[in-house]
Amino acid sequence: MIPAPFRYIAVTGVDETISALTEHGDEAKIIAGGQSLLPLMRLRLATPTVLLDLAGLGLRTIRTESVDTGTELVIDAMTSYRNVAASPIVADHAPLLARAASLVGDPQVRNRGTLGGGVAHADPASDVSCALLVLDARAVVVGPHGRREIAFDDLFIGFWTSTIAPDEVLIEIRIPSARGTGWSYQKFTIRSQDWALVGAAACGGRVALASMATQVIRARSTEAALAAGASVADAAAVADEGSDPPADLRGTATYRRHLARVLVGDALREAASGDR
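Residues numbered from 1 in each chain as written. Predicted model: local features only at pLDDT ≥ 70, side-chain atom pairs only at ≥ 80, totals over all residues. Heavy atoms only, no water.

Asks: Run through the environment of R174, naming residues and quoting values.
Replies: Here R174 lies in strand β10 (residues 169–176). In the structure, R174 is positioned 10 residues away from S184 in sequence and 20 Å away in space, judged by C-alpha atoms. Ignoring any residue separated from it by four or fewer positions in sequence, one finds R174 in contact with E65, V67, E72, L73, V74, A137, R138, V140, R147 and E149. A distance of 2.6 Å separates polar atoms of two side chains, one belonging to R174 and the other to E65. (Helix = DSSP H or I, 4+ residues; strand = E, 2+ residues; numbered from the N terminus. Contact = heavy atoms within 4.5 Å. Polar contact = N/O pair within 3.5 Å; in protein donor to acceptor, adjacent residues only side chain to side chain.)

Next up, the structure:
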């Protein structure tokens, strides 16, 4: 299908973007790489009358910063999945994220799609959002009332819904360095480039799941079991507790629960062994 008519604005600064969002309200949508929004527009599941293109903003830097608690990895929102996956800085401080980014879609999607766009889209099957949730990341947004940080534990609140306000712009992701910490990302798909039927991420005693609810979620029962000294098998056996997996043509809710338990077990074993 053909998208509904819209006005295209190539914004050149964050302040200009915020002003345009404030002016146009719900009629405006931000486009970064376009890999999520454009398919929705073609199907007319999204019909913005104003499209704000962030390509001119830059925001493509990957760097580290020293903070009171140690070192943080900072990734600008317009950084492509490809550059996240290929970055030696990411590989050093957050290899779990590099792995998850390398599994997003196909090479064309990874070249065009952006980390910030994928996060802001709030898809419950997102590989990178699942990884960032485990990594205790924070999203930095800017709006009319200034800058604020949102912990990933508080970022996603439902299907394609986040706590980023309509007049705010996501500018960067901040991640505590996980250098030297065991990690794993497991993803089950029908085709290699598909969204995860179920995804499981593990790092530093935190475990998260993709495609097991209306947003990426922590596997709290598994985390509690690990903290209490449970074996990997026993901790993985409760991975689906508290989840609400969908049922569709690709798999039933029961099948997804089974996959979650299997993938979490695999993730915990790989994270502990370091073999990959």
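Asks: Report on the environment of Y81, specifying residues and quantitative values.
Replies: You can see Y81 is positioned in helix α3 (residues 81–86). On the basis of relative accessible area, Y81 is assigned to the buried category, the value being 8%. Y81 sits 16 residues away from L97 along the chain, and the two C-alpha atoms are 9.8 Å apart. If near-sequence neighbours (up to four positions away) are discounted, Y81 is found in contact with A101, V104, V109, R110, G113, T114, L115, G118 and V128. (Buried < 20%, exposed > 50% of the residue type's maximum accessible area, 1.4 Å probe, protein only.)

Asks: Please provide a residue-by-residue account of helix α10 (residues 220–227), values included.
Replies: Those residues of α10 that fall on the buried side of the exposure criterion are T222, E223 and A225. For α10, the buried positions fall inside an angular range of 160° around the axis, keeping them on one side. Elements that come into contact with the buried residues of α10 comprise β13 (206–210), β14 (217–218), α11 (232–236) and α12 (253–273). G229 occupies a position one or two residues after α10 and carries a positive phi of about 95°. (Arc of directions from axis to C-beta.)

Asks: Any chance you could break down the sheet that holds strand β11 (residues 183–188) for me, citing the residues and the numbers?
Replies: The 4 strands are arranged β11-β12-β13-β14 in an open sheet whose pairing can be described as antiparallel. Each edge of the open sheet carries a strand with a single partner, namely β11 and β14. The strands touched by α10 within the sheet are β13 and β14, with β13 carrying the most contacts at an inclination of about 160°. Each of β11, β12 (198–203) and β13 is contacted by α12, which is oriented at about 150° to β11, the strand it contacts most. (Pairing = 2+ DSSP bridges. Axes fitted to C-alpha atoms, helices over the stretch in contact; angles between N-to-C directions.)

Asks: Pulling in residues and values, what's your account of the sheet that holds strand β3 (residues 50–53)?
Replies: Read from one edge to the other, the open sheet built from 3 strands follows the order β1-β3-β2, with strand pairing classed as parallel. This sheet does not close on itself; its edge strands, each paired only once, are β1 (7–10) and β2 (28–31). In this sheet, neighbouring strand axes are inclined to one another by 25° on average, regardless of whether the strands run parallel or antiparallel. Where β2 lies against β3, 4 bridges are found, and the strand directions are parallel. The residue of β3 that forms the bridge with K29 is L51.

Asks: An account of the pairing of β13 is needed here, citing residue identities and associated values.
Replies: Judged by how many residues are buried, β13 sits mostly within the fold: 5 of 5 residues are covered. Between the end of β12 and the start of β13, which pair antiparallel, lie 2 residues, with G204 showing a positive phi angle near 60°. Pairing geometry for β13 and β14, over 2 bridges, is antiparallel. Across the sheet, residue A208 finds its bridge partner in β14, namely R218. Hairpin remark: β13 followed by β14, antiparallel, with 6 residues in the connecting loop; positive phi at S211, about 65°.

Asks: Explain the side chain of E270 to me, and be specific about the residues and the numbers.
Replies: Examined against the element boundaries, E270 turns out to sit in helix α12. One polar contact links E270 to Q186, side chain to side chain, over a distance of 3.2 Å.

Asks: Hey, could you go over the packing of aromatic side chains for me, with residue numbers and the actual values?
Replies: Enumeration according to the criterion identifies 3 aromatic pairs in this entry. Ring geometry for F152 and F156: centres 5.7 Å apart, planes at 70°, overall edge-to-face. Taken individually, F152 and F156 each receive the classification buried, so the pair is uniform in this respect. Both rings, one in F159 and one in W160, keep their centres 4.6 Å apart while their planes meet at 20°; by these two values the pair is stacked. Look at W160 and you get partly exposed, because its relative accessible area is 35%. (Phe/Tyr/Trp six-rings, centres within 6.5 Å; stacked < 30°, edge-to-face > 60°.)

Asks: Please give an account of the pattern of salt bridges that cites residues and values.
Replies: The tally for this structure, following the rule as stated, stands at 22 salt bridges. The closest approach of N and O atoms between R174 and E172, which form a salt bridge, is 2.9 Å. Each member of the pair R174 and E172 is classed as buried. Among the charged side chains, a salt-bridge network with shared partners connects R63, E65, E72, D76, R138, R147, E149, E172 and R174. (Salt bridge = Lys/Arg side-chain N within 4 Å of Asp/Glu carboxyl O.)

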